[in-house]
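Survey of secondary and tertiary structure
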Amino acid sequence: MPYERTDAITIRYTDFSETSRIFTFYTRRFGRVSALAKGVKRKYSKMIGHVDLLSHSEIIFTSGLSRDRLHILTEANAYETFPNIRKQLPRFYAACHAAELVNNMTSLDDPSPELFDQLLDLLRRRDRNVGTAIALLAFEGQLLLLSGFMPQLSNCVSCGKKNRQKTVAFSPRLGGIVCSKCSTGEAELIHDLPADALSLFERLAQKKLTKLSRVKISPSVTHQTRAFLNRYETYILAKKLHTAKHLG
Ligand SMILES: [Zn+2]
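Residues numbered from 1 in each chain as written. Predicted model: local features only at pLDDT ≥ 70, side-chain atom pairs only at ≥ 80, totals over all residues.

Moving on to the sheet that holds strand 6 (residues 167-171). The strand order across the open sheet formed by three strands is 7-6-8, and the pairing between neighbours is antiparallel. Of all strands in the sheet, those bounded by a partner on one side alone are strand 7 (176-178) and strand 8 (190-194). In this sheet, adjacent strand axes meet at a mean angle of 50° when their direction is disregarded. Across three bridges, strand 6 lies against strand 8 in antiparallel orientation. Bridging from a neighbouring strand, V168 pairs with L193 of strand 8. Together, strand 6, strand 7 and strand 8 form the strand contacts of helix 5 (residues 195-205), whose direction differs from that of strand 8 by roughly 75°. (Pairing = 2+ DSSP bridges. Helix = DSSP H or I, 4+ residues; strand = E, 2+ residues; numbered from the N terminus. Axes fitted to C-alpha atoms, helices over the stretch in contact; angles between N-to-C directions. Contact = placed C-beta atoms within 7 Å.)

In this structure, F25, A98 and L119 are the most contacted members of the largest nonpolar core, which totals 58 residues. Element by element, the count of residues in this core is highest for helix 4 (residues 132-146), at nine residues. Each of two domains, domain 1 (1-81) and domain 2 (88-248), supplies a minimum of three residues to this core. Those residues in contact with A98, other than ones at most four positions away along the chain, are L119, L122, L136 and F139. (Core = buried A, V, L, I, M, F, W, Y, C linked by C-beta atoms within 7 Å. Buried ≥ 20, exposed ≤ 12 C-beta atoms within 10 Å, placed from the backbone. Domains from an automatic or database assignment.)

What follows is about the domain arrangement of the chain. For the chain, the assigned domains read domain 1 (1-81) and domain 2 (88-248). Between domain 1 and domain 2, the C-alpha centre-to-centre distance is 29 Å. Contacts between domain 1 and domain 2 engage 14 residues on the former and 16 residues on the latter. When residues of the side of domain 1 that touches domain 2 are traced back to their parent elements, those giving at least two are strand 1 (3-15), strand 2 (21-27) and strand 3 (31-37).

Glancing now at the pairing of strand 1. In the sheet, strand 1 pairs with strand 2 via seven bridges, with the strands oriented antiparallel. Opposite T10, over in strand 2, you have F25 as the bridge partner. Counting the residues between successive antiparallel strands, the hairpin from strand 1 to strand 2 contains five residues.

Right, let's get into unusual backbone geometry. With a phi close to 60°, E188 is a non-glycine residue in the positive phi region. Assignment of secondary structure puts E188 in the loop between strand 7 and strand 8. Positioned with a positive phi, D192 is a non-glycine residue whose angle comes to about 55°. Here D192 shows up in strand 8.

To continue, consider the packing of helix 4 against helix 5. At their nearest, the axes of helix 4 and helix 5 sit 7 Å apart, and the two run at 70° to each other. Between helix 4 and helix 5, the angle is such that the two are roughly perpendicular. Judged by the sense of rotation from one axis to the other, the crossing of helix 4 with helix 5 is right-handed. In contact with L137, A138, G141, Q142, L144 and L145 of helix 4, helix 5 contributes F201, L204 and A205. Residue composition of the contact of helix 4 with helix 5, grouped by class: seven nonpolar, two polar and no charged. (Parallel < 35°, antiparallel > 145°, perpendicular 65-115°, else oblique. Left-handed = near helix turned anticlockwise from the far one by under 90°. Nonpolar A, V, L, I, M, F, W, Y, C, P; charged D, E, K, R; others polar.)

Along the polypeptide, A95 turns up in helix 2 (residues 89-105). Note: C-alpha distance between A95 and L212 (117 residues apart in sequence) is 17 Å.

As for its position among the elements, D110 is in the loop between helix 2 and helix 3 (113-128). A tally of 11 C-beta atoms within 10 Å means that D110 is categorised as exposed. Each C-alpha atom, one on D110 and one on G31, is 4.9 Å from the other, the two residues being 79 residues apart in sequence.

Structure follows, in structure tokens:
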């Protein structure tokens with residue numbers, strides 16, 4: 001039975017039995033994987049402190065139950081546990097939101113080293129409290145882009161006309177903004193979105209703004225972008241994420 005070794009970020013766990021847990025990791029080499037950690041809840045388990053939620057670790061696993069694509073975790077060694085993220089709830093919720101999005105928007109065994117690095121970068125920023133609100137928005141934009149869900153935010157998604165209005169309507173179903181002509185008859189529109197907030201979000205997603213700590217963003221633009229993303233993510237995932245309501 002081959003052993004696999006990779007860098008991993010713990011994005012979820014659930015109890016499996018009195019002593020065991022199933023962990024979901026986003027890994028550099030394999031993308032999202034799930035692994036059963038037998039005996040991890042025992043008092044003297046070697047893995048205690050090495051696979052906490054959001055930790056960055058090296059993990060070793062075997063493909064034990066391949067039919068269910070559930071692997072067996074045999075060893076974990078934490079590199080970074082991000083203690084500051086756990087000390088403040090807003091930081092913790094933002095990091096958990098990123099983890100929840102990755103869990104829901106990626107497929108099993110479909111690696112993206114770029115996404116792994118972006119998630120790791122976000123956790124490091126949250127831990128050091130550098131460019132925090134904008135770092136989460138940038139991460140979400142890059143995740144939407146990599147997973148093929150990035151909406152069209154500059155031009156009408158139906159007719160292609162460039163938007164010149166200050167506020168725009170957005171169609172989650174069509175995946176983009178719609179001009180006043182094309183929005184007639186379109187159900188489920190999100191109205192009155194500020195065009196400058198959407199444009200900033202688009203530039204963050206496309207990595208046109210890389211010095212995140214220098215990007216100035218007003219609390220109201222952050223709030224409007226956040227509200228838009230919560231609605232759009234709920235639409236594409238067909239469910240509300242637990243963490244969305246805790247984000248400022
Ligand atoms: Zn149009």
